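# Survey of secondary and tertiary structure
So you can see what is in the structure, the chains are spelled out below.
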Amino acid sequence: MPAKRDDSHGLYTLGEPVTGWTVTTALPVTYQVSFSPGVLNPANPALATAGATPGRRLVVVDATVHALHGHRIRTYFEARGLPHRICVLPAHEQLKTMDSVFRVAEAMEGFGLARRGEPVIAVGGGVLMDVVGLACSLYRRSTPFVRVPTTLIGLVDAGVGAKTGVNFGPHKNRLGTYHPATATLLDPAFLATLDRRHLSNGLAEILKVALIKDRRLFDLLEQGGETLLAQRFQGPAAIGGEVLVRAVHGMLQELQPNLWEHRLERSMDYGHSFSPTVEMRALPELLHGEAVCVDMALTTVLAQRRGLVEPGQRDRIIELMRRLRLPVWHPLMEPATLGEALTDTVRHRDGRQRLPLPVGIGEGCFADDLTARELASAAAELKELSCVTQ
Ligand SMILES: NC(=O)c1ccc[n+]([C@@H]2O[C@H](COP(=O)([O-])OP(=O)(O)OC[C@H]3O[C@@H](n4cnc5c(N)ncnc54)[C@H](O)[C@@H]3O)[C@@H](O)[C@H]2O)c1
């Protein structure tokens, strides 16, 4: 018997007399991502007004960021007359667990957080934002939050999408939700205190966008990447601004039409096919972006062997990775680990490889036919290349 529409839109009844119902509804999602230089300058209202009317704020701050910038955070809220409590949370990859999520939930409970009008503010890198985001999505099933990323990965990647998550067992981000922050405020000034290695780490995610969809971004990184690294994106050169804007824009262009990842062919998964397993097994040796980079180096070699990338382009890509002080190989890039990584990724992508590969520089395609033998040969070639070009 066909479904009949009830009075209210989206409710359908089945049977006569009614024995079943179908409920359909849509959840419109709107969130803001914007550059807000001087976000902790009391004259800048953006943070105080983000996502809500005046009220109180629970501010969850990464412990390192608190040591470096805590006084400015406190001064900001005091100067704006906004009652607040600061919760300091140690955050790094090994603390990306449900225990950290529970700590944030306890802080929310202790603060007596209002349901809608007091967005939690997360100030920190990708780990802190993913943990706070997950806590907020769970607390009363959904609590608004605002992100202030303080690392390069945070600025161009973890801070702009909809995903939250923590690691579970040996698996990266295995527990998580889609719960975008109401607003994300991007202030590159935080990068002034970030160490060189974490800047390179973020440049890997920028390079991902460049390789798979933005040739101009690749050229910019070739021209000025090393300077950006040396100057921590604080130099006068306009190139830093263009690199950040292109990276964020490119990322959002890909995320927006597929925010809930119903389509599992995702170009932004480039560099994330083998790296989740490699990163977790190498912990704490490899940072997220470093693992992404060795994955991109491997898939660049794979693409070259398939004739999708020219040998000269492959060499330029590997050379740029080195100049950005990123690793291009790791001992875990061997057939057994790579095979297991691919098996896990195929499971994650619903039974198909859907492997993003570069086509030249700045475009990509998806492959479904990678064999264990091809993978092993590419890994062996990458190992050789990494020794030759070292
Ligand atoms: N949700 C998403 O869509 C998404 C996207 C990309 C990455 N991620 C996640 O992000 C994480 C990586 O993020 P990350 O690289 O920011 O790591 P991170 O959060 O561990 O931060 C790196 C280190 O820098 C410190 N730090 C942060 N800001 C600083 C500053 N301004 N000055 C000095 N030190 C500072 C932190 O304390 C930490 O020790 C991974 O867990 C990854 O899975 C999530």
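Our subject is the structure that appears above.
Position numbers for residues count from 1 along each chain, tracking the sequence in the order it is written. Reporting of local features is limited, given that this is a predicted model, to residues whose pLDDT is at least 70; pairs of side-chain atoms are given and counted only at 80 or more, and all residues count toward the totals for whole chains, interfaces and linings. Side-chain metrics in this entry use all non-hydrogen atoms of the structure; hydrogen atoms and water are not considered.

Quick look at the packing of aromatic side chains now. Ring pairs shown here join Phe, Tyr and Trp side chains whose ring centres sit within 6.5 Å, with only the six-membered ring taken for Trp; geometry is labelled stacked below 30 degrees between planes, edge-to-face above 60, and tilted in between. Applying the stated criterion across every chain yields a total of two aromatic pairs. Ring plane angle 90° and centroid distance 5.3 Å describe the contact between Y76 and F77, whose orientation is recorded as edge-to-face. With respect to burial, Y76 and F77 carry one shared label: buried. Here the aromatic rings of Y178 and W260 are separated by 6.0 Å at their centres, their planes lie at 80°, and the arrangement is edge-to-face. Remark: W260 occurs in the loop between helix 8 (238-255) and helix 9 (275-282) and Y178 occurs in the loop between strand 10 (171-175) and strand 11 (183-186); sequence separation between them is 82 residues. Judged by relative accessible area, which is 38%, Y178 ranks as partly exposed. Geometrically, a charge over a ring is one whose NZ (Lys) or CZ (Arg) sits within 6 Å of the ring centre while staying within 35 degrees of the ring normal. In this structure, R56 is placed above the aromatic ring of F111, and the distance from its NZ or CZ to the ring centre is 3.9 Å. A 1.4 Å probe rolled over the protein chains alone gives each residue an accessible area, and that area as a share of the maximum for its type sets the label: buried under 20%, exposed over 50%, partly exposed in between. To qualify as a helix, a DSSP run of H or I must reach at least 4 residues; to qualify as a strand, a run of E must reach at least 2; elements of each kind are numbered from the N terminus.

One open sheet holds the three strands; their spatial order is 1-2-3, and the pairing between them is antiparallel. The strands lining the two open edges of the sheet, one partner per strand, are strand 1 (4-5) and strand 3 (20-23). In this structure, strand 2 (residues 11-14) lies alongside strand 3, joined through four bridges in antiparallel fashion. Among the inter-strand pairings, T13 is bridged to a residue of strand 3, identified as W21. Strand pairing follows a simple DSSP-based rule, namely that at least 2 bridges must link the two strands.

Looking at the ligand, there are 26 residues lining it, with E93, G126, T150, T151 and T193 nearest. K172 has a polar side-chain atom sitting 3.0 Å from an oxygen atom of the ligand. Pairs of N or O atoms within 3.5 Å make up the polar contacts considered here, provided that, within protein, one atom can donate a hydrogen while the other can accept it, and that residues adjacent in sequence are counted only when both atoms are side-chain atoms. A distance of 3.2 Å separates an oxygen atom of the ligand from a polar atom in the side chain of N201. Note on areas: these come from Shrake-Rupley sampling with a 1.4 Å probe, and a residue is covered only by the protein chains present in the view. If the ligand stood free it would expose 870 Å²; the protein chains cover 90% of that surface. Mapped onto the shell around the ligand, the elements with two or more residues apiece are helix 2 (63-79), helix 4 (126-138), helix 5 (152-158), strand 10 and helix 6 (196-213). Whether a residue is near a molecule or strand is decided by its heavy atoms; if any one of them lies within 4 Å of it, the residue is near.

Fair warning: the whole summary comes from geometry, so function is off the table for now.
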